[in-house]
Amino acid sequence: MDDTDLRPGERAIELDPPDDARLRFIGRIRTPFASRADCPRQGRHDGPDCVLELDPVWGGALDGIERFDFADVLYWLDRSRRDLVQQSPKSDGALRGTFALRSPVRPNPIGLSRVRVVRRDGPRLVVRGLDCLDGTPLLDIKPDACSYSPEAPRKAADVAES
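Residues numbered from 1 in each chain as written. Predicted model: local features only at pLDDT ≥ 70, side-chain atom pairs only at ≥ 80, totals over all residues. Heavy atoms only, no water.

Engineer: Give a description of the sheet that holds strand β5 (residues 84-87) that names residues and reports values.
Structural biologist: Spatially, β1-β5-β6 is the arrangement adopted by the three strands of the open sheet, whose pairing is antiparallel. For this open sheet the edge positions go to β1 (11-12) and β6 (96-97), each flanked by a neighbour on one side alone. When β5 meets β6, the two strands line up antiparallel, connected through two bridges. Counted as the bridge partner of glutamine 87 is arginine 96 from β6. (Pairing = 2+ DSSP bridges. Helix = DSSP H or I, 4+ residues; strand = E, 2+ residues; numbered from the N terminus.)

Structure below.
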């Protein structure tokens, strides 16, 4: 079975080619995963080192990222099909709606992973926790949202100043 075959009960729809959104890829993701079968179902923070290779023009956009232990990475799952309304995950065979799954098969195949920041090397960010194919287009990187949350614990230095 390959990625274009339907599992029992799955339902696809006929779609025109997408032309309604324009995204700017900011780089590529380098992982050890050459095929979908190689990819973990979800990334793990103790998984292999992966590299977010930003186009050099975006290198300065990483300034300050080293202060964060975690970041959210958004990426375009360019090799995923986009037409399934219902899917049958291979782990259990039960039929579910696409929006009730974290499957890479979606109408707008945007991937999202919370990664552990390992280190920065110029316009390259080494991370752990990705679950995408090598060469996947990179959309965005956002630092851990909890650091900006009003409910987030303040650092001891911040408390001393108040």
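Engineer: With reference to specific residues and values, describe the pattern of salt bridges.
Structural biologist: All chains considered together, the criterion is met by 14 salt bridges. Close ionic contact of arginine 44 with aspartate 46 constitutes a salt bridge, the shortest N to O distance being 2.8 Å. Neither residue differs from the other here; arginine 44 and aspartate 46 are each classed as exposed. Beyond isolated ion pairs, a larger network of salt bridges with shared partners links Arg30, Glu53, Arg124 and Asp134. (Salt bridge = Lys/Arg side-chain N within 4 Å of Asp/Glu carboxyl O. Buried < 20%, exposed > 50% of the residue type's maximum accessible area, 1.4 Å probe, protein only.)

Engineer: Describe the sheet that holds strand β2 (residues 27-30), naming the residues involved and giving the relevant values.
Structural biologist: Taken in spatial order, the six strands of this closed barrel run β2-β3-β8-β7-β4-β9, and their pairing is antiparallel. Strand-to-strand twist in this sheet, taken as the mean axis angle between neighbours without regard to direction, amounts to 45°. Of the strand pairs in this sheet, β2 and strand β3 (residues 49-54) are connected by four bridges, and their pairing is antiparallel. Its bridge partner lying in β3, arginine 30 is registered against valine 51. (Axes fitted to C-alpha atoms, helices over the stretch in contact; angles between N-to-C directions.)

Engineer: Outline the environment of glutamate 66, listing residues and values.
Structural biologist: Checked against the element boundaries, glutamate 66 lands in the loop between β3 and β4 (70-76). Through-space distance from the C-alpha of glutamate 66 to that of leucine 125 is 9.2 Å; in sequence the pair is 59 residues apart.

Engineer: For the side chain of glutamine 87, give the residues involved together with the corresponding values.
Structural biologist: When you line up the elements, glutamine 87 lands in strand β5. The class for glutamine 87 is buried, based on a relative accessible area of 6%. Here the side chain of glutamine 87 touches serine 103 through a polar contact of 2.8 Å, side chain to side chain. Here glutamine 87 is in contact with Glu10, Ala94, Leu95, Arg96, Thr98, Leu101, Ser103 and Val105, once residues within four sequence places are set aside. (Polar contact = N/O pair within 3.5 Å; in protein donor to acceptor, adjacent residues only side chain to side chain. Contact = heavy atoms within 4.5 Å.)

Engineer: Would you mind going over the nonpolar core in detail, with residue names and values included?
Structural biologist: The biggest cluster of nonpolar side chains holds 19 residues, and the ones touching the most others in it are Ile29, Leu52, Val73, Leu125, Leu130, Leu138 and Ile141. Within the residue set of this core, elements represented by two or more residues are β3, β4, β7 (110-121), β8 (124-128) and β9 (136-143). Residues contacting leucine 130, with those up to four places away along its chain left out, are Ile29, Phe33, Pro40, Gly43, Cys50, Leu52, Val73, Tyr75, Ser113 and Val115. (Core = buried A, V, L, I, M, F, W, Y, C linked by side-chain atoms within 4.5 Å.)

Engineer: Explain the pairing of β5 to me, using residue names and the numbers behind them.
Structural biologist: In terms of strand pairing, β1 meets β5 through two bridges, oriented antiparallel. Counted as the bridge partner of alanine 12 is leucine 84 from β5.

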